[in-house]
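Notes for the structure review
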Amino acid sequence: MPQDLDALERLWQRYRAAWAEIGPWSDAWPMDGWLQLAGEPAPIFPVILTAFRCEGVEIVCGLEWPLCPGKQGDLSTHAHGAGCQHRPVRCSSMDGYLFGPSLQLAGLRFRRPG
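This report concerns the structure included in the present document. Keep in mind it's a predicted model, so treat the numbers as computed, not measured. (Residues numbered from 1 in each chain as written. Predicted model: local features only at pLDDT ≥ 70, side-chain atom pairs only at ≥ 80, totals over all residues. Heavy atoms only, no water.)

1. Structural notes on the overall build of the protein
Each helix and strand in the protein was counted, giving 1 helix and 6 strands. Mapped in sequence order, the helices and strands of the protein form the string α-β-β-β-β-β-β. Burial analysis of the protein (114 residues in total) assigns 39% to the buried set. Sequence-distant contacts in the protein: of pairs separated by 6 or more residues, those separated by 24 or more amount to 48%. Working note: accessible area of the protein is about 6700 Å², and carbon and sulfur atoms make up 56% of it. (Helix = DSSP H or I, 4+ residues; strand = E, 2+ residues; numbered from the N terminus. Buried < 20%, exposed > 50% of the residue type's maximum accessible area, 1.4 Å probe, protein only. Contact = heavy atoms within 4.5 Å. Areas by Shrake-Rupley, 256 points an atom, 1.4 Å probe, with all protein chains shown as cover.)

Set out below in structure tokens:
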């Protein structure tokens, strides 16, 4: 899986800058991952996972990526000590990120493979 580590670092910088505006970090520990949208010529792009639920995750990514409710794709994350984990996902919600005008917040629901 080709990954643009510079793009990931730029996303983390934008995310940290947004949080610096509102104060100290929350108790949550965000992690990064990569999202490939189905049927899109766009490359795999970096995301920051900010909330974890049984049915899915909440992510933050740049506005330059074509997310909208209904889009499907493959989310890759690092499983602790077990390499990469891939999950099929569907975008269930999307909005601007309140703390950073160049970022968007999206909800991704896990889909069953197949």
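2. Digging into the packing of aromatic side chains
Tallying each qualifying case throughout the model produces 2 aromatic pairs. Here the aromatic rings of Trp-12 and Tyr-15 are separated by 5.8 Å at their centres, their planes lie at 85°, and the arrangement is edge-to-face. Of this pair, Trp-12 and Tyr-15 are both found in helix 1 (residues 5–22), 3 residues apart, which corresponds to roughly one turn of the helix. When its relative accessible area of 10% is taken as the criterion, Trp-12 is described as buried. Taking the relative accessible area as the measure of exposure, Tyr-15 reaches 3% and is therefore buried. Arranged with centres 4.6 Å apart and planes meeting at 5°, the rings of Phe-45 and Trp-65 form a pair that is stacked. With a gap of 20 residues between them, Phe-45 in strand 2 (residues 45–53) and Trp-65 in the loop between strand 3 (56–62) and strand 4 (72–79) connect regions that are remote in the sequence. There is no split in this pair, since Phe-45 and Trp-65 are both buried. One residue, Arg-87, lies across the ring of Phe-110, its end atom 3.8 Å from the ring centre. (Phe/Tyr/Trp six-rings, centres within 6.5 Å; stacked < 30°, edge-to-face > 60°. Lys NZ or Arg CZ within 6 Å of the ring centre and 35° of its normal.)

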